[in-house]
Amino acid sequence: LIRQFALTIHRRQLHDKAHPRILITGGCGQLGVPLAKRLRQLYGTENVVLSDIVRPSDELLRQGTYRYADVMDVKQVQELLVNNQIDWLIHLSALLSAVGERDVPLAMKLNIEGTHNILELARKYKCRLFIPSTIGAFGPESPRNPTPDFCIQRPRTIYGVSKVHAELLGEYFFHRYGVDFRCLRFPGIISADTKPGGGTTDYAIEIFHEALKAGAYKCYLRGNTRLPMMWIDDCIQSIVDIMEAPDSKLKQRTYNVSAMSFTPDELTKAIQKYKPNFKISYQPDDRQKIADSWPEVFDDHNAREHWKWNPKVDLDGLVQRMFEYLEKHKN
Ligand code: AKB
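Rules used throughout
- Residues numbered from 1 in each chain as written.
- Predicted model: local features only at pLDDT ≥ 70, side-chain atom pairs only at ≥ 80, totals over all residues.
- Heavy atoms only, no water.
- Buried < 20%, exposed > 50% of the residue type's maximum accessible area, 1.4 Å probe, protein only.
- Helix = DSSP H or I, 4+ residues; strand = E, 2+ residues; numbered from the N terminus.
- Pairing = 2+ DSSP bridges.
- Near = heavy atom within 4 Å.
- Polar contact = N/O pair within 3.5 Å; in protein donor to acceptor, adjacent residues only side chain to side chain.
- Areas by Shrake-Rupley, 256 points an atom, 1.4 Å probe, with all protein chains shown as cover.
- Expected span 1.5 Å × (residues − 1).
- 1 Å grid on protein atoms, 1.4 Å probe; cavity = no way out; pocket = protein on both sides within 12 Å on 5 of 7 lines; lining within 4 Å.
- Points joined across faces, edges and corners; volume = space filled by probe spheres on them.
- Nonpolar A, V, L, I, M, F, W, Y, C, P; charged D, E, K, R; others polar.
- Patch = residues over 30% accessible without salt bridge, like charges linked within 9 Å, V, L, I, M, F, W, Y side chains within 5 Å.
- Salt bridge = Lys/Arg side-chain N within 4 Å of Asp/Glu carboxyl O.
- Core = buried A, V, L, I, M, F, W, Y, C linked by side-chain atoms within 4.5 Å.
- Contact = heavy atoms within 4.5 Å.
- Axes fitted to C-alpha atoms, helices over the stretch in contact; angles between N-to-C directions.

> Even after reading the chapter, I still don't get the pairing of strand β8 (residues 216-219), so can you show me in this structure?
Look at any regular strand and the pattern is simple: side chains alternate between the two faces of the sheet. Only one face of β8 is buried, namely the one carrying Y217 and C219, since none of A216 and K218 on the opposite face is buried. In this sheet, strand β12 (residues 279-282) lies alongside β8 in parallel orientation, the contact comprising four bridges. Opposite Y217, over in β12, you have I280 as the bridge partner.

Structural data, given as structure tokens:
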């Protein structure tokens, strides 16, 4: 019996080492849902807790543990961390670029104060911490084509300012307290099954829905606005890769990652290969100014060299995947 007990403990220790216990904040958005799915496949359903402040769908509840947690309430997140013996904290709660400009006080509260709470908890409970950053962390003074990891940033949106703040504070906590902070700057992420929440790059998703519904799309950016983009599966893989990377491979704590860059005109041509009658028109709004201050082409060679970042999907692959999914799920 004692031997059996010792074996069980030993197995549990092995299990714990092989499978981190993970908490995702802001998990009901575009990244959280597919990320939780992938992490549960890799590390076991029971090891991933998804949290957010919204009411989850029945489907999401079926997929695994969901808990209400507001990152503005330290105690709530703390309780989740403690009760679930969390090793990895993935902090996705944030207002994106376009919605952030519409409610700056809320963006400051959520993106800045929320991040302070999370950093402090990661320090206290020695969690590995992932916070996504963005192409929006750069500004008009940054080199735009290509944009390297290290250069002038000075973004002009509250979203960008809060993300530079998160990058710098995360790196400070790493150097000062040894917090295992890891951060990727993402381009526009394109997905078919989950919708984005108020970004400047959203056009590149809306365009597919409108192409199927109306055969036409009115784009809020000019046709020649080039922005870096990535298919959702590559994005999810990049998070897994950076979280699994041994310390020795990480020569810096914040990395650019990208997969492709295109303009609305180029995306339209790629869509017209599938829908020859698809028409686009342009009516730029406030988001044009934001896009004009962002990178056109993202230089991610450090990520490719240091931890072998290797995206799989290009523009044609992305268009094919979007239509395949949307055609299959149209009702
Ligand atoms: C946005 O457009 O705000 C986001 C981003 C690029 O971070 N998709």
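> Please explain the site of the ligand as it appears in this structure.
What surrounds the ligand is the set L96, S97, T134, I135, Y159, G199, T200, T201 and W294. One of the side-chain nitrogen or oxygen atoms of S97 is found 2.5 Å away from an oxygen atom of the ligand. At a separation of 2.7 Å, an oxygen atom of the ligand approaches a polar side-chain atom of T134. Within the complex, the protein chains bury 93% of what would otherwise be the 250 Å² of accessible surface of the ligand.

> Explanation requested: helix α9 (residues 232-244) in the structure shown.
Helical geometry note: an α-helix holds 3.6 residues per turn, so side chains three or four residues apart project in the same direction. With 13 residues, α9 should cover 18 Å at 1.5 Å per step; its first-to-last C-alpha distance of 18 Å lies within 8% of that length. The set of residues buried in α9 consists of I232, D234, C235, I236, S238, I239, V240, I242 and M243.

> Could you clarify how one ought to interpret the layout of surface pockets in this entry?
In this approach the atoms are scanned with a rolling probe the size of a water molecule, which exposes any empty space left behind. One number sums up the size of the largest pocket: a volume of about 900 Å³. For the largest pocket, the lining is made up of 41 residues, of which L92, S93, A94, L95 and L96 are closest to its centre. A class-by-class count of the residues in the lining of the largest pocket yields 22 nonpolar, 13 polar and six charged. Considered as a void within the structure, the second largest pocket measures approximately 410 Å³ in volume. For the second largest pocket, the lining is made up of 19 residues, of which P34, K37, D193, I232 and D233 are closest to its centre. Where the lining of the second largest pocket is concerned, the elements lending two or more residues are α2 (32-43), α3 (58-63), α9 and α13 (315-328). Per-element tally for the lining of the second largest pocket: the top contributor is α2, with five residues.

> Got a minute to help me understand unusual backbone geometry in this structure?
For residues besides glycine, phi is generally negative; the peptide bonds are generally trans as well. Residue N145 is joined to P146 through a cis peptide bond whose omega torsion reads 0 degrees. Mapped onto the elements of the fold, P146 is located in the loop between β5 (128-134) and α7 (158-177). Of note, K126 is a non-glycine position whose phi angle comes to about 55 degrees, a positive value. In this fold, K126 is placed in the loop between α6 (104-124) and β5. For K126, a relative accessible area of 73% gives the class exposed. In this model, R154 sits at a positive phi of 45 degrees, which is unusual for a non-glycine residue. Here R154 shows up in the loop between β5 and α7. Exposure remark for R154: the relative accessible area of 62% places this residue in the exposed category.

> Sorry, what's going on with a nonpolar patch on the surface here?
On the surface, I53, V54 and Y68 cluster together to form a nonpolar patch covering roughly 290 Å² of accessible area. Mapped onto the secondary structure, Y68 falls in strand β3 (residues 66-68). Of the residues examined, Y68 reaches a relative accessible area of 48% and is grouped as partly exposed.

> Would you mind going over the nonpolar core with me for this structure?
Nonpolar side chains in soluble globular proteins generally cluster together in the buried interior. Grouped together as the largest cluster of nonpolar side chains are 68 residues, with contacts concentrated most on I24, I90, Y203, F208, L267 and W307. Here I24 is in contact with G32, L35, A36, L39, V48, V49, L50, S51, I90 and L92, once residues within four sequence places are set aside. Residues L95, I118, L129 and F173 belong to the second largest nonpolar core, which totals 25 residues.

> Whenever I open this one, the environment of K195 confuses me. Can you help?
On the secondary structure map, K195 appears in the loop between β7 (188-190) and α8 (203-213). Sequence separation between K195 and E327 is 132 residues, and the spatial gap between their C-alpha atoms is 16 Å. When neighbours within four sequence positions are excluded, K195 is seen to be in contact with Q30 and H209.

> Just checking my understanding: could you explain the sheet that holds strand β4 (residues 88-91) for this structure?
Strand pairing in a sheet takes place through backbone hydrogen bonds and is either antiparallel or parallel in direction. The strand order β3-β2-β1-β4-β5-β6-β10 describes an open sheet built from seven strands, whose pairing is parallel. Edge positions in the sheet fall to β3 and β10 (254-256), since each of these pairs with one other strand and no more. For this sheet, the mean angle separating the axes of adjacent strands, direction not counted, is 20 degrees. In this sheet, β10 lies alongside strand β6 (residues 181-186) in parallel orientation, the contact comprising three bridges. In the strand pairing of β10, L184 is matched with Y255. Across the face of the sheet, α7 comes into contact with β5, β6 and β10 while running at roughly 150 degrees to β5.

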